[in-house]
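Secondary and tertiary structure notes
What follows is each chain in one-letter form.
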Amino acid sequence: MKARALVLSGCALALFVAPAPAKAVELSGGVTVGGIQVGAGPRLAVSPFVGLLWRQERDFLLEVHNMFSVVPGARVGAYDRTAVALVYAWRTGKVSFGPSFSIYSMPVCGMTICNRVVGVAPGAHAQTDWYFSEPLGASVSANLDWAGGNSRVLHGHLVAMVTAGPVWRFGGESK
């Protein structure tokens, strides 16, 4: 938990120190639905998300993005991911890539046993947003995390998630 607080504090400090013109902040949010691959089988994930983008005079921007995924079922799972991404934006969309940090508590089934795994994982995040109506658009997000440690149910130590859904853009100015 201390590591996550330190990462979030560092990201917040870096973003407030970074020079940006007035009205440069853009908030986006939405809910995506997709699959998360943890253990032997894929599961459905419902994921509300929020992004805070700092627009500058250049084409490359900085964004902090948080997604909280709920994995429904008999044993509910939760997966919270925060990413700091480099963004290339244009008037009707953006593409972002960057490192991520996740905290999770998930029911996972291996080949023979099921168990709950809890932990933290570094990873990589990619997302693209297309705005077809000024505030409304579509978002596709992909994340790959490395869940370390020794687990009999989490073979391969990789957690992959791909989701898609609507996105809303608030504030800021279109490029």
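Bear in mind the structure is a predicted one, so any value in this text is a computation, not a measurement.

This next bit is on the overall build of the protein chain. Each helix and strand in the protein chain was counted, giving 1 helix and 8 strands. The buried share of the protein chain, reckoned over its 175 residues, is 41%. Put simply, 57% of the contacts in the protein chain that link residues at least 6 apart link residues at least 24 apart.

With 16 residues, the main nonpolar core has Ile 36, Tyr 79, Tyr 104 and Met 106 as its most contacted residues. Broken down by secondary-structure element, the contributors of at least two residues to this core are β2 (41–54), β3 (60–71), β5 (93–109), β6 (114–133) and β8 (158–170).

Following the criterion strictly, the structure yields 2 aromatic pairs and no others. Geometrically, the ring pair formed by Tyr 79 and Tyr 104 is stacked, given 5.6 Å between the ring centres and 15° between the ring planes. Placement of Tyr 79 in strand β4 (residues 77–90) and of Tyr 104 in strand β5 is noted, with a sequence separation of 25 residues between them. One exposure class covers both Tyr 79 and Tyr 104, and it is buried. A centroid spacing of 6.0 Å and a plane angle of 40° characterise the contact between Tyr 88 and Trp 90, whose relative ring orientation is tilted. Tyr 88 sits in the partly exposed class, given a relative accessible area of 36%.

Looking now at the side chain of Ser 28. For Ser 28, the position within the fold is in strand β1 (residues 25–38). According to the relative accessible area criterion, Ser 28 is buried, its value standing at 2%.

This next bit is on the confidence of the model for the protein chain. For the protein chain, per-residue confidence averages 76 on the pLDDT scale, and residues scoring 70 or more make up 73% of the total. Highest mean pLDDT in the protein chain belongs to strand β7 (residues 136–146) (90); lowest belongs to helix α1 (residues 2–17) (44). Within the model, pLDDT remains below 50 along residues 1–23, and this stretch shows 23 contacts once partners closer than five positions in the same chain are excluded.

Moving on, we come to the pattern of salt bridges. Counted under the stated rule, the structure contains 2 salt bridges. For Glu 63, the salt bridge goes to Lys 94, with nearest N and O atoms at 2.8 Å. Within this pair, whereas Glu 63 is found in strand β3, its partner Lys 94 is found in strand β5, the two being separated by 31 residues in sequence. Here Lys 94 makes a salt bridge to Asp 129, at a shortest N to O gap of 3.5 Å. Of this pair, Lys 94 sits in strand β5 while Asp 129 is found in strand β6, placing the two residues 35 residues apart along the sequence. Through salt bridges that share partners, Glu 63, Lys 94 and Asp 129 make up one connected network.

Our next topic: the environment of Gly 73. You can see Gly 73 is positioned in the loop between β3 and β4. In sequence terms Gly 73 and Pro 107 are 34 residues apart; their C-alpha atoms lie 9.5 Å from each other.

With that settled, the discussion passes to the environment of Val 64. With respect to the helices and strands, the residue Val 64 is situated in strand β3. Owing to a relative accessible area of 18%, Val 64 belongs among the buried residues under this scheme. Distance from Val 64 to Ala 85, taken between C-alpha atoms, is 6.4 Å for residues 21 residues apart in sequence.

According to the relative accessible area criterion, Tyr 79 is buried, its value standing at 2%. The spatial distance from the C-alpha of Tyr 79 to the C-alpha of Ile 36 is 9.6 Å, given a sequence separation of 43 residues. Setting aside residues up to four positions removed in sequence, Tyr 79 forms contacts with Ile 36, Met 67, Phe 68, Ser 69, Ser 102, Ile 103, Tyr 104, Met 106, Ala 121, Asp 145, Val 159 and Met 161. In this structure the side chain of Tyr 79 is engaged in a polar contact, spanning 2.4 Å, whose partner is the side chain of Asp 145.

Locating His 65 in the fold gives a position in strand β3. Looking at His 65, its side chain comes within polar contact range of the side chain of Arg 81, at 3.4 Å.

Definitions and cut-offs
Residues numbered from 1 in each chain as written. Predicted model: local features only at pLDDT ≥ 70, side-chain atom pairs only at ≥ 80, totals over all residues. Heavy atoms only, no water. Helix = DSSP H or I, 4+ residues; strand = E, 2+ residues; numbered from the N terminus. Buried < 20%, exposed > 50% of the residue type's maximum accessible area, 1.4 Å probe, protein only. Contact = heavy atoms within 4.5 Å. Core = buried A, V, L, I, M, F, W, Y, C linked by side-chain atoms within 4.5 Å. Phe/Tyr/Trp six-rings, centres within 6.5 Å; stacked < 30°, edge-to-face > 60°. pLDDT = per-residue confidence, 0-100. Salt bridge = Lys/Arg side-chain N within 4 Å of Asp/Glu carboxyl O. Polar contact = N/O pair within 3.5 Å; in protein donor to acceptor, adjacent residues only side chain to side chain.

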